[in-house]
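Structural overview for review
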Amino acid sequence: MGGWDWGFVSQIMPTLLRGLLVTFEATLLGSVLAFALGLVLALLRRAGIPVVSRLVWLFIEFVRSTPLLVQLYFLFFVLPDFGIRLSSLTAGVIGLGVHYACYTAEVYRAGIEGVPRAQWEAATALSLPRHRTWTRVILPQAVPRVLPALGNYVISMFKETPLLLAIGVIDLVGAAKEAGAGAYRYVEPYTLAGLLFLLLSYPAAVLVRRLERRVGH
Amino acid sequence: MPADDVMIRFDKVVKRFGDNVVLRELDFQARPGEHVTLIGPSGSGKTTILRLLMGLERVNGGTIQVGDEYLSHMRRGDKLVPADERHLRKVRRRIGMVFQQFNLFPNMNVLRNLTEAPISVLGQPREQAEARAKELLDMVGLAEKLTANPAELSGGQQQRVAIARALAMQPDVLLLDEVTSALDPELAAGVLDVLRDIARSTDVTLLCVTHAMKFARDISDRVLMFDGGKIIEDAPPAEIFDSPREARTRDFLQSVIET
Ligand SMILES: Nc1ncnc2c1ncn2[C@@H]1O[C@H](COP(=O)(O)OP(=O)(O)OP(=O)(O)O)[C@@H](O)[C@H]1O
Ligand SMILES: [Mg+2]
């Protein structure tokens, strides 16, 4: 034992890459869900229907103040009692997506509030219908400014996907664990898993920072 | 009942912000095609009058009519009740507004700024809206800026686009709130020339707040001196500028000329 075994590395690489693919899949689908649902939540909060905006607020606060792990367990182990059976990955994606939606909703809210009131008034003065004001005037100005913040959440989500292991999703870390367990050798699998995370999330962070500078924050 | 020859009618309009009573039973009227200029000290409520007409603020009392319709109210049976959003939306279409800070949509180019509302509100086909937009840009002297973004234009150019944008909706009434006060004098002159042209060549009713007194004298049929929530003097420009009856008008004009 000990040392660094290149032969072992090339042997486990395919397994690790398969795991990485799952990590990508979970991050990508989770992000799409978080972006879309977050926007819906932000819009519902602003729809001007007090009951709805109160309920949305409660939902957001609830999700944000409970651990993601508990939410994942709930989706995967509790929902089946109510007849809803989800695959590990589906439960994982929904868990990540909904959890992060409660953060992106706040990001969208800030972006929407950052659009000057004068833009609403100009739209009103032109009699633009409300939905058109949203889709043509407000969101096209609000969303670009919050792209860096959304990007940061994608990176966080990427780094949090190993939690899905708890409900049986074999992501990159899961794959590393399996590869290591097979050979009773963990140095290479976990080092490589860590390196892969670093290799992917660091450039992404640099990209987001550059984006931040471009939109002027 | 609204009379035929009235385009705008304020009837005992009250507007408060908290304890601050800005309009105290304000009465005034403008006929179709008339060019009316509002003057008065800062904070006297000139902008508030325009914003009420644009439906950006609600009255606390009294009624506002635009043409043969109530803006502030609507009929329910034979009763008059405060306008709901839908009614407001309908009457609002007859009115256009140009703001002090232009307020163009920065995410759209000049052409799209002009065609967005005609297409989505008036239901114009795109070709028609674009053809009209080009005519209007030509009129304000910016035919070559069709595809420019607002950020690439000077303040004066942006304001001329904003004027064209408002006119693209074919309003009966155009509201102008100190449209040159954010501009350097030489840029302001270009905007005022465009407005003179519009005043001469269209039959739109103009309600204008301005400190550009020469301009007001040129284009106005009537000038209203506004102070303390009321109109204190209402006269043709020659009369109000050359021989104001009210001491407060005289003082105000004096102060404007001095600055
Ligand atoms: N949204 C608002 N909330 C509270 N007070 C307001 C609001 N809008 C205007 N006011 C107050 O109403 C009064 C009239 O304001 P308004 O903007 O109509 O004046 P104005 O005659 O246009 O002044 P100026 O020449 O400086 O533009 C002011 O005292 C102002 O502080
Ligand atoms: Mg004002």
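Definitions and limits used
- Residues numbered from 1 in each chain as written.
- Chains lettered and ligands numbered in written order.
- Predicted model: local features only at pLDDT ≥ 70, side-chain atom pairs only at ≥ 80, totals over all residues.
- Heavy atoms only, no water.
- Helix = DSSP H or I, 4+ residues; strand = E, 2+ residues; numbered from the N terminus.
- Rg over C-alpha atoms; globule rule 2.2 N^0.38 Å.
- Buried < 20%, exposed > 50% of the residue type's maximum accessible area, 1.4 Å probe, protein only.
- Contact = heavy atoms within 4.5 Å.
- Areas by Shrake-Rupley, 256 points an atom, 1.4 Å probe, with all protein chains shown as cover.
- Lys, Arg positive; Asp, Glu negative; His and termini not counted.
- Charge placed at Lys NZ, Arg CZ, Asp CG, Glu CD.
- Pairing = 2+ DSSP bridges.
- Axes fitted to C-alpha atoms, helices over the stretch in contact; angles between N-to-C directions.
- Near = heavy atom within 4 Å.
- Polar contact = N/O pair within 3.5 Å; in protein donor to acceptor, adjacent residues only side chain to side chain.
- Nonpolar A, V, L, I, M, F, W, Y, C, P; charged D, E, K, R; others polar.
- Phe/Tyr/Trp six-rings, centres within 6.5 Å; stacked < 30°, edge-to-face > 60°.
- Lys NZ or Arg CZ within 6 Å of the ring centre and 35° of its normal.
- Salt bridge = Lys/Arg side-chain N within 4 Å of Asp/Glu carboxyl O.
- UniProt positions renumbered as here; feature names shortened; annotations may be inferred.
- Domains from an automatic or database assignment.
- Buried area = accessible area lost by both parts, 1.4 Å probe.
- Patch = residues over 30% accessible without salt bridge, like charges linked within 9 Å, V, L, I, M, F, W, Y side chains within 5 Å.

For chain B, the count of helices and strands is 9 helices and 12 strands. Relative to the globule expectation of 18 Å for 259 residues, the C-alpha radius of gyration of chain B, 18 Å, shows essentially globular dimensions. With respect to the three principal axes, the spread of C-alpha positions in chain B is 55 × 50 × 35 Å. Counting across all 259 residues of chain B, residues that qualify as buried make up 57%. Within chain B, contacts between residues separated by at least 24 positions form 63% of all contacts whose residues are at least 6 apart in sequence. Of the roughly 11500 Å² that chain B leaves accessible, carbon and sulfur atoms contribute 46%. On chain B, the mean spot of the 34 positive side-chain charges and the mean spot of the 38 negative ones are 5 Å from each other.

This paragraph deals with the sheet that holds strand β3 (residues 35-39) of chain B. All names here are of chain B. Across the sheet, 6 strands lie side by side as β8-β9-β10-β3-β11-β12; this open sheet has mixed pairing. The outermost strands of the open sheet, each flanked by one partner alone, are β8 (95-98) and β12 (230-235). Pairwise comparison of adjacent strand axes, ignoring direction, gives a mean angle of 20 degrees for this sheet. Against the sheet, helix α1 (residues 46-53) engages β3, β8, β9 (173-177), β10 (205-209) and β11 (222-227), with an angle of about 150 degrees to β9. Against the sheet, helix α5 (residues 155-167) engages β8 and β9, with an angle of about 175 degrees to β8.

A separate point is the environment of D5 of chain B. Residues and elements named next belong to chain B. Its location among the elements puts D5 in the segment before β1 (8-17). Along the sequence, D5 and G33 sit 28 residues apart, while their C-alpha atoms lie 9.9 Å from each other. Ignoring anything within four residues of it in the chain, the contact list for D5 reads R31 and P32.

We now examine the site of ligand 1. Residue and element names in this part refer to chain B. Surveying the vicinity of ligand 1 reveals the residues F17, N20, V22, P41, S42, G43, S44, G45, K46, T47, T48 and E178. A distance of 2.8 Å separates an oxygen atom of ligand 1 from a polar atom in the side chain of K46. At 3.4 Å from an oxygen atom of ligand 1 is found a side-chain nitrogen or oxygen belonging to E178. Elements supplying a minimum of two residues to the shell around ligand 1: β2 (20-30) and α1. It is α1 that provides the largest number of residues to the shell around ligand 1, a total of 3 residues. Here the residues of the shell around ligand 1 are counted per class, giving 3 nonpolar, 7 polar and 2 charged.

Here we take up the packing of aromatic side chains. In this description, an aromatic ring pair is defined by two values, namely the gap between the centres and the angle between the planes. On inspection of all chains with the given rule, the structure shows 11 aromatic pairs over all chains. Look at Y103 of chain A and Y153 of chain A: their rings are 5.8 Å apart centre to centre, the planes differ by 40 degrees, and that puts the pair in the tilted class. Here Y153 of chain A lies in helix α6 (residues 130-160) and Y103 of chain A lies in helix α4 (residues 88-113), a separation of 50 residues in the sequence. Ring pairs connect the aromatic residues F24, F158 and F197 of chain A, which therefore count as one cluster. In this arrangement the basic side chain of K15 of chain B is found over the ring face of F17 of chain B, its NZ or CZ atom lying 5.1 Å from the centre.

This part covers the pattern of salt bridges. Residue and element names in this part refer to chain B. Evaluated as defined, the whole model comprises 28 salt bridges over all chains. Linking E34 and R31 is a salt bridge whose minimum nitrogen-to-oxygen distance equals 3.5 Å. Its relative accessible area of 4% is what places E34 among the buried residues. With relative accessibility at 46%, the residue R31 sits in the partly exposed group. Its salt-bridge partner being D218, residue R196 comes within 3.0 Å of it at the nearest N-O pair. Residue R196 is found in helix α6 (residues 185-201), and its partner D218 is found in helix α7 (residues 213-219); the two are separated by 22 residues along the sequence.

Attention shifts here to the UniProt feature "domain: ABC transmembrane type-1" (unreviewed entry) in chain A. Residues annotated in UniProt with the feature "domain: ABC transmembrane type-1" (unreviewed entry) correspond here to residues 20-208 of chain A. End C-alpha atoms of residues 20-208 of chain A are separated by 21 Å, and the span's content is 81% helix alongside 0% strand.

Residue and element names in this part refer to chain B. Domains assigned within chain B are domain 1 (3-94 + 173-256) and domain 2 (102-170). For domain 1 and domain 2, the distance between their C-alpha centres works out to 24 Å. Across the contact, 12 residues belong to domain 1 and 13 residues belong to domain 2. Counting the surface lost from both domain 1 and domain 2, the interface buries some 1100 Å², and carbon and sulfur atoms represent 79% of this. Between domain 1 and domain 2 we count 0 salt bridges in total. Linking domain 1 with domain 2 are 1 residue pair in polar contact (both at pLDDT 80 or more).

What follows deals with the side chain of E69 of chain B. Residue and element names in this part refer to chain B. Examined against the element boundaries, E69 turns out to sit in strand β5 (residues 69-70). According to the relative accessible area criterion, E69 is buried, its value standing at 18%. Within the structure, the side chain of E69 is placed 3.2 Å from the side chain of K90, a separation counted as a polar contact. Sequence-distant contacts of E69, defined by excluding residues within four places in its chain, comprise I64, K90, V91 and R94.

On the surface, I49, V51, L55, W57 and L58 of chain A cluster together into a nonpolar patch covering about 470 Å² of accessible area. Within the element layout of this structure, L55 of chain A appears in helix α2 (residues 50-64).

Moving on, we get to unusual backbone geometry. If you check the backbone angles, S127 of chain A has positive phi at about 65 degrees while not being a glycine. As for its placement among the helices and strands, S127 of chain A is situated in the loop between α5 (117-125) and α6. Even without glycine at this site, N103 of chain B takes up a positive phi of about 55 degrees. Along the polypeptide, N103 of chain B turns up in the loop between β8 and α3 (110-120).

With that settled, consider the interface of chain A and chain B. Each side of the interface is counted separately: chain A has 18 residues, and chain B has 22 residues. Approximately 1700 Å² of surface area, both sides summed, lies buried where chain A meets chain B, with 60% of it carried by carbon and sulfur atoms. The three residues of chain A that bury the most area against chain B are A125, L126 and S127 of chain A, which together make up 32% of that side's buried surface. One can count 3 salt bridges joining chain A with chain B.

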